[in-house]
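Secondary and tertiary structure notes
Here's the letter readout for the chains.
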Amino acid sequence: MLRHPPSLTIAPLLLLALAFAAPALARSGAATEARGLVERSEAQVRVDPDASQRLATQALDALGGVPDTDPDAYVLARLLLCEHHTERSREEAERHAAAARAALPRAHRAGLEARLLACEGEIQEAAGQSAAAMTLFEQAVASAERASDDEYLAEALFRRGNLRGLRAEYAAGLRDLKRAHALYGKVGQDGHATTVHNAIAI
C-alpha cells in the first residue's frame, strides 16, 4: 500500500494552523501597540495636550476603532479624548464618553467606570452645570471606592475637591484634595501629586 511522505501530510496541517493563528497574532499585536500608545498619551496629557490627543486617536486606529481587540485600551483611549475635549468641544467630549460607556461592560478594569463618571462630570462643569457635575463626581468617588482603584479614586477626589472649593465648600474641598494627594503618592503618580499639591497651596 502506497503512503504519502510525512512532509506532504504535515504541510497542509501546518498551513491550516497558521491560518487560524494569524488573526490571533494580529489582534495581540494591535492590542500591544494600542496599550503603548495609550500609555504615551497619558504621559503627554499635561505636557503636550495636542500630542496626547494624537496618540489616543492612533490607539483607536490601531484597534480598528472598535473595542473587540482590547476593551480596556479602547475605553482608555476614548476617555483620554473625552477629557481632552471637555473644555474644547462638548459635542466631541460627549461622543467619546458615549462610546466609552457603550464598551465599558466589556472592560476588565472596574475602576474605568469612575474615570468615565469623572469625565462626564467635567463636561457638566465646563457647561456651568455645577450641581450635575457634583453629582457625577460623587458617583465617581463611590465607584472608585467600590473598585478599590486608588488611581481613579484620587482623580475623582481631585475633581470633587476642586469643585467644592469653587462652591465655597472649603473645608470639604481641602479634605478631598489632601486625600487625593496621598493616594497619588501611594500609586507613584508624582506628577499628579504635584498638581494636587499646587491646588492645595493656592
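Above this text sits the structure in question.
Residue positions are given per chain, counting from 1 as you read along its sequence in written order. Thresholds applied to this predicted model are a pLDDT of at least 70 for local features of residues and 80 or more for the giving and counting of side-chain atom pairs; totals over whole chains, interfaces and linings are not thresholded and use all residues. For side-chain calculations, the full set of non-hydrogen atoms in the structure is used, while hydrogens and water are omitted.

Turning next to the state of the cysteines. Disulfides are defined as pairs of cysteine sulfur atoms found within 2.5 Å of each other. This model, assessed by the stated rule, comprises 1 disulfide. Here Cys-82 engages in a disulfide with Cys-119; their sulfurs sit 2.0 Å apart. Taking the torsion about the S-S bond as the criterion, the Cys-82 to Cys-119 disulfide, at about -110 degrees, is left-handed. On the criterion of sequence distance, the pair formed by Cys-82 in helix H3 (residues 71-85) and Cys-119 in helix H5 (residues 112-126) is long-range, its members being 37 residues apart. Each helix is a run of DSSP H or I of at least 4 residues and each strand a run of E of at least 2, with the numbering of both proceeding from the N terminus.

Tyr-74, Val-75 and Leu-112 are the most contacted members of the largest nonpolar core, which totals 48 residues. For this analysis, residues touch if any pair of their heavy atoms sits within 4.5 Å. If we ignore the near neighbours within four places in the chain, the residues touching Leu-112 are Asp-72, Val-75, Leu-76, Leu-79, Leu-104, Ala-107 and Tyr-152. Residues belong to a common nonpolar core when they are buried Ala, Val, Leu, Ile, Met, Phe, Trp, Tyr or Cys residues joined through side-chain atoms within 4.5 Å. Here the term buried applies to any residue with accessible area under 20% of the maximum for its type, exposed to any over 50%, and partly exposed to those in between, with areas from a 1.4 Å probe on protein chains only.

Another point: H3. Multiply 1.5 Å by the residue count of a helix minus one, and that product is the helix's expected span. Over its 15 residues, H3 extends 21 Å from the first C-alpha to the last, a length consistent with the 21 Å expected when each residue adds 1.5 Å. Counting buried residues in H3 gives 15 out of 15 residues, a clear majority hidden from the surface.

Taken N-terminus to C-terminus, the directions of H5 and helix H7 (residues 150-166) make an angle of 25 degrees; their axes are 9 Å apart at the nearest point. As judged from the angle between their axes, H5 and H7 are roughly parallel. Crossing geometry of H5 relative to H7 is assigned as left-handed. Residues Leu-112, Ala-114, Arg-115, Glu-122 and Glu-125 of H5 form the contact with H7, whose own contacting residues are Tyr-152, Glu-155, Arg-159, Leu-163 and Leu-166. Residues of the contact of H5 with H7, tallied by class, amount to 5 nonpolar, no polar and 5 charged. To obtain each axis, a line is fitted to C-alpha atoms, and for helices this fit is confined to the stretch in contact; angles are then taken between N-to-C directions over 0 to 180 degrees. Angle categories are assigned with fixed cut-offs, so that under 35 degrees is roughly parallel, over 145 is roughly antiparallel, 65 to 115 is roughly perpendicular, and the rest are oblique. By convention, the crossing between two helices is left-handed when the near helix turns anticlockwise from the far helix through less than a right angle, and right-handed when the turn is clockwise. For this scheme, ten residues count as nonpolar: Ala, Val, Leu, Ile, Met, Phe, Trp, Tyr, Cys and Pro. Four count as charged, namely Asp, Glu, Lys and Arg, and the remainder, Gly too, count as polar.

Here we take up the layout of surface pockets. Whether a set of points on the 1 Å grid over the protein atoms alone is a cavity depends on a 1.4 Å probe fitting there but being unable to get out, while an open set qualifies as a pocket with protein on both sides within 12 Å along at least five of seven lines; lining residues are those with an atom within 4 Å of a point. Grid points are joined across faces, edges and corners, and a volume is the space filled by probe spheres set on the points. Space inside the largest pocket adds up to approximately 1000 Å³. In terms of lining residues, the largest pocket is bounded by 36 residues, among which Arg-46, Glu-122, Phe-158, Arg-159 and Asn-162 are the most central. Those elements that provide at least two residues to the lining of the largest pocket are helix H1 (6-44), helix H2 (49-62), H3, H5, H7, helix H8 (170-186) and helix H9 (190-201). Residue contributions to the lining of the largest pocket peak at 8 residues, all from H7. Looking at the lining of the largest pocket, its residues break down into 13 nonpolar, 12 polar and 11 charged. Empty space within the second largest pocket amounts to approximately 190 Å³.

Nothing here speaks to function; it is geometry throughout.
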